[in-house]
Amino acid sequence: MSTMLTVDDLRVSFPTRTGLIEAVRGVSFTLGRERLGIVGESGSGKSQTGRAIMGLTPAHAKVSASKLNFAGIDLLTAPAKVRRSLRGSRIAMILQDPKYSLNPVMSIGRQIVETLRTHENVGKREARDRAIAMLEAVQIRDAGRVFDLHPHEVSGGMGQRAMIAMMLIAGPELLVADEPTSALDVTVQLEVLGILDKLVSERGMGLIFISHDLRLVSSFCDRVIVMYAGKIVEELVASDLGNAKHPYTQGLLNCMPTLGTDRHPLPVLDRQPEWAL
Amino acid sequence: MTAIVSAENLTVTYDDFLALDTVSIDVAPGESFGLVGESGSGKSTLLRAIAGLSPVTSGRIVLDGKPLDAKYRDKAFYRQVQMVFQDPYGSLHPRQTVDRLLQEPLAIHGVADAERRILRALDEVGLGSSFRFRYSHQLSGGQRQRIAIARALIIEPQIMLLDEPTSALDASVQAEVLNLLEQVRRDRKLTYIMVSHDLGVVTHMCERLAVMKNGKVVERLSSADLVAGRLSEDYTKNLMVASKGFVRNAVA
């Protein structure tokens, strides 16, 4: 398996009035054409890891790494112009909430066409046809009608599919999905995951799937990285989740109420200070 | 069964849209009743109708044997019924300290002894008095939801309406908040009506539940039936499958 992305000792820190906040503290992993899950609680640094790869870290934050390499390009030293050309065309990102991440005053179709024409030199006619084909690929019925709708006119699940279509239209090699289904209903969640799964395997993309739901991630990904306080505490093959060794991973697995288990009260995480060391 | 809250043939319409279509539920005193369904199924509308926040077009709500007015709710009602909302980031006043937030319901209802009650409410939700003079932006999501619960509990209601109280929280924090809600219910013998789209959470918290779809109740069952898979509606079965996580090739 060829390695597409190499992350070695990635650090992201935010200077604040009260001192330096280290959001990501030495994260290392490699990614080939596979599905990698990153799991952790709010504030564990999982989203900042994804954003650092995308190059979307806020300007005042400091990013450092001994290696951050995507397909032979050193992302840390690459000029802004190169990163801009990568973003959207070769690395794409799906965000959590379609309500806030789509442009509210632009029709869905125009937003998809905009992405496509930014990265590829295609005519209007062809761009429209490809956008509609892409909307059909994410299982939107009546894609021609949805093309002309604005984001507020569609449901959350449909909006998320439109965003996936927008991100995939330029044919990226690496997709970073930051909680792509957390804002959706359980039933819609599975449909969206199904679509994502199909597209990733058909197109042979690499996927980084960021979520706080360990069970969902492990049912979807090949490998799972568990993060706590900016560090990787455990790396697992998804099918091997039952043998998780770190107490934090075990705690995350246990704290979800599931059907058919009667546990009152639910076990909660007993956070040990040494986990964060 | 003598119900403490019951909705009888409740209908709520927004312009031409039928959000609730002749829905009836009965909740016994001390019971925890769950409402499940996808977005737009009307589960939150039903809860809001009980709280007097949705425009009821027909049907009635009976509390403790007394029918309620369709629009107007008096103070005594809110003394008895309190609500906790989904989004802890949106439901607390950003410019008020925790102390001020907790004082508000006491002032509205003219409850004396504010000092002691605030300290007790904070203690009860496991936060302690050090949180008293913080602003909500200084708290995490789980801590905010605890404050929202404390605010609802402080005037000692009998019925709590919980609208997805944990769906904005991390899995690990969700467990803490669910344990807190169970504990309070046990200590105070409260009645809960809880809305959630997560079957795991609802079966954990509630004894009976109603499954809603398109503004109607499609199935009523006990949690034990649900766990044992004694379901009659296909829609409930779909929800069951969905709650088990992603299975490759399960979605065509």
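Keep in mind that what you see is a predicted model, and the values were worked out from it rather than measured.

Analysis parameters
Residues numbered from 1 in each chain as written. Chains lettered and ligands numbered in written order. Predicted model: local features only at pLDDT ≥ 70, side-chain atom pairs only at ≥ 80, totals over all residues. Pairing = 2+ DSSP bridges. Helix = DSSP H or I, 4+ residues; strand = E, 2+ residues; numbered from the N terminus. Axes fitted to C-alpha atoms, helices over the stretch in contact; angles between N-to-C directions. Contact = placed C-beta atoms within 7 Å. Nonpolar A, V, L, I, M, F, W, Y, C, P; charged D, E, K, R; others polar.

Our focus in this paragraph is the sheet that holds strand 9 (residues 208-213) of chain B. All names here are of chain B. Ordered by their spatial adjacency, six strands build an open sheet running 6-7-8-3-9-10, and the pairing between neighbours is mixed. Two strands in the sheet have a free side with no partner beyond their single neighbour: strand 6 (81-84) and strand 10 (216-222). Direction aside, the axes of adjacent strands within the sheet are offset by 20° on average. Note: strand 3 (residues 32-36) against strand 8 (residues 191-196), five bridges, orientation parallel. Pairing of Leu35 across the sheet is with Val195, part of strand 8. The strands touched by helix 5 (residues 141-153) are strand 6 and strand 7 (159-163); relative to strand 6, the strand with the most contacts, the crossing angle is about 175°.

Facing the 28 residues of chain B at the interface are 31 residues of chain A. Per element, the largest residue contribution to the side of chain B that touches chain A is seven residues, and it comes from helix 6 (residues 171-188) of chain B. A class-by-class count of the residues in the side of chain B that touches chain A yields 11 nonpolar, 11 polar and six charged.

Residues and elements named next belong to chain A. One open sheet accounts for six strands, arranged 7-8-9-3-10-11; its pairing is mixed. The outermost strands of the open sheet, each flanked by one partner alone, are strand 7 (91-94) and strand 11 (231-237). Sheet twist, expressed as the mean angle between neighbouring strand axes with direction ignored, is 20°. By the bridge criterion, six bridges tie strand 10 (residues 223-228) to strand 11 in an arrangement that is antiparallel. The partner of Tyr228 across the bridge, within strand 11, is Lys231. Its contacts with the sheet place helix 1 (residues 46-54) against strand 3 (35-39), strand 7, strand 8 (174-178), strand 9 (206-211) and strand 10, and it is angled at close to 150° to strand 8.

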